[in-house]
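This is what each chain is made of:
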Amino acid sequence: MSNKPNEGEEWTAQSEKDAIDHVMGSEPLRIEQSLSIPSDAHKSAATQPDLPEDAENLDELVREHDSESIDRADVIGEGARWFAGWCLRFLITAAALYVSAMILGKIWAGVLPILLALIVSTVLAPPAVFLMKHRWPRALAALTVILGAVAVLGGVVAFLAPTVQSQFPELRRQFTDGIQEVQNIIQAPPFNVKDEQILDALDQGSQWLQERSGDIANTVFQGISVVSSVAVTMMAMLVLTFFFIKDGQDFLPWLRRLTGRRLGWHLTEVLTRSWNTLSGYIRTQAIVSLIDAVFIGAGLAILNVPLAMVLAVVTFFAGFIPIVGAFTAGFIAVVVALVANGLTTAILVLLIIIAVQQIEGNILSPILQAKAMDLHAAIVLLVVLLGGGIFGIIGAFLAVPVTAVVAVWFRYLGDLTDLRTGDKTAKDIEFATDAGSISGIQIEAAGRAMRDRLASFRLGGDDSDSSAESAVKADARTAGQVSSDAGPTKQEEGTMTKAFHKISEVVSGSFSKKNK
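Residues numbered from 1 in each chain as written. Predicted model: local features only at pLDDT ≥ 70, side-chain atom pairs only at ≥ 80, totals over all residues. Heavy atoms only, no water.

Of the regular secondary structure elements, the chain holds 19 helices and 0 strands. Counting the 516 residues in the chain, one finds 30% classified as buried. When contacts within the chain are restricted to residue pairs at least 6 apart in sequence, long-range pairs at least 24 apart make up 69% of them. (Helix = DSSP H or I, 4+ residues; strand = E, 2+ residues; numbered from the N terminus. Buried < 20%, exposed > 50% of the residue type's maximum accessible area, 1.4 Å probe, protein only. Contact = heavy atoms within 4.5 Å.)

The contact between helix H6 (residues 108-133) and helix H16 (residues 393-421) brings their axes to 12 Å, and the two run at 55°. Viewed along their axes, H6 and H16 adopt a mutual orientation that is oblique. Of the two possible hands of crossing, H6 and H16 adopt the one that is left-handed. Residue-level contacts link Trp108, Leu112, Leu115, Leu116 and Ile119 of H6 to Ile394, Phe397, Leu398 and Pro401 of H16. Residue composition of the contact of H6 with H16, grouped by class: 9 nonpolar, no polar and no charged. (Axes fitted to C-alpha atoms, helices over the stretch in contact; angles between N-to-C directions. Parallel < 35°, antiparallel > 145°, perpendicular 65-115°, else oblique. Left-handed = near helix turned anticlockwise from the far one by under 90°. Nonpolar A, V, L, I, M, F, W, Y, C, P; charged D, E, K, R; others polar.)

As a further point, take the pattern of salt bridges. Overall, the coordinates contain 8 salt bridges when judged by the stated rule. Its salt-bridge partner being Asp415, residue Arg273 comes within 3.1 Å of it at the nearest N-O pair. Of this pair, Arg273 sits in helix H11 (residues 261-302) while Asp415 sits in helix H16; the two residues are 142 residues apart in sequence, bridging distant segments of the chain. Of the residues examined, Arg273 reaches a relative accessible area of 13% and is grouped as buried. The class of Asp415 is buried, set by a relative accessible area of 12%. One network of salt bridges, with partners in common, ties together Glu269, Arg273, Asp415, Asp418 and Lys424. (Salt bridge = Lys/Arg side-chain N within 4 Å of Asp/Glu carboxyl O.)

Attention now goes to unusual backbone geometry. A positive phi angle, near 65°, is found at Arg135, a position not held by glycine. Position of Arg135 relative to the elements: it lies in the loop between H6 and helix H7 (138-187). A relative accessible area of 79% places Arg135 in the exposed class. Here the phi dihedral of Leu307 falls at roughly 55°; this positive angle occurs in a residue that is not glycine.

Counting residues in hydrophobic clusters, the biggest one holds 21 residues, and the most contacted among them are Met373, Leu375, Val384, Leu398 and Val400. Taken together, the elements giving at least two residues each to this core come down to H6, H11, helix H15 (377-391) and H16. Looking at this core element by element, the count peaks at 6 residues for H16. In contact with Met373, other than residues within four places in its own chain, are Tyr281, Val400, Ala404 and Arg411. Within the second largest apolar cluster, 19 residues are counted, among which are Ala308, Val334, Ala337 and Ala346. (Core = buried A, V, L, I, M, F, W, Y, C linked by side-chain atoms within 4.5 Å.)

Quick look at the packing of aromatic side chains now. A ring pair, where both rings are aromatic, is described by two values, the distance of the centres and the angle of the planes. Throughout the structure, instances matching the rule amount to 5 aromatic pairs. Note on Phe316 and Phe320: the rings are 5.5 Å apart at their centroids and 90° apart in plane angle, and the pair reads as edge-to-face. Accessibility expressed as a relative area gives 22% for Phe316, which makes it partly exposed. (Phe/Tyr/Trp six-rings, centres within 6.5 Å; stacked < 30°, edge-to-face > 60°.)

Right, let's get into the environment of Met309. Positionally, Met309 belongs in helix H12 (residues 308-318). Spatially, the C-alpha atom of Met309 lies 8.6 Å from that of Ala298, the residues being 11 residues apart in sequence. Beyond its immediate sequence surroundings of up to four residues, Met309 is in contact with Phe159 and Leu160.

These figures capture arrangement, not role.
In structure tokens form, the structure reads like this:
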């Protein structure tokens, strides 16, 4: 019996299987034979439905199985693999962050002066650059600016010292009178606290201090150690600031020579963005803090609150710690007003501080800091609390600028991703340097070529070489059209265009070799 179908009959999958069995010299193995177990034949007859034996019905079952949608097990398995992959990435990232935090804790004494020097350099670099442009030597310009800043701070302290010296005794007397007034209030109805109870409370407080005298002494010695550590950190910060201002303009060229042209251009762009963001944050925060200090200080002076000028200076410096600093400075001002002038003046001071903070927080800061940081207020509050909880006051001070710089790096990676996916073009992104503009054009051309190759592969075409070359050549014609406000690496347009033509030839050549 021949298993080959007659002419006119449809050649089915079952017919093909029968033909293979015929060639191999074996009989076709029916499905019920492959599923049945000799010892359980009586069970299979009762539990398994009758299966069709003819080829047409079997072929229909095969076609029905092939036409079904993706099996649920495959979908669940794919989701499980995706979830497991991201869990693994999360664990690796968490481990890397933990190790980084441990290393940072070990070298924090050396990292802190660097961070502070960078922040101070963003403030002192513009006047130093101005002096350098007027043919001042780098070292002399940097030293002059640093000494000038120290002189300004010293002048502020010298100006406030006589005020504190003259008003502090009066404030101490008023504080003593306030304590006596509180004592009189708690002794009067409805509290009716007796003198013996107050003396007992004072005795218990004295005994508590005596029991913890050792801890207090250790705290004092730790405070002395902290003061010496702060002094060393300040000296190291000043020295590093001098070198950052003096040799800072040579850093990016050195980095490009060290890392190579391609990576160096990306680092030039992202580091320039980071510098601009950091300097913009410091300038903006200084303006906001100055406005707060002027209006709050004026209100304190009008209400005749002691140490009004000192409290205004405290408000200015506390303003560099967003949200928390303003609250702390306001609390100190209200307490001084309460002790010195009474409850009514304290309430008026509180209303002035709330009004100034509302105007600054809802109108002034969003306008000034929109371009400087572009961070949500909730993120600012969260990082300030985390930084303060982990590293104390210095952590609260550094939390926002560090977060702003990290956000700059993520935004730059997002821009590169958008260029590769085609969601943005190089013209849609505002680059800070010419190096960033050229890198953006390269990434856009590479992304377009990659998308063309994928499309050609899916469609079965072979025109990806010409698409890649045309994309690179089209972008090469616009390589010289960079932003007019480019950063410190800006060169002449002719030189940049020639350099990019050479780069385009290399890029297009690599695409051609890969696609052959």
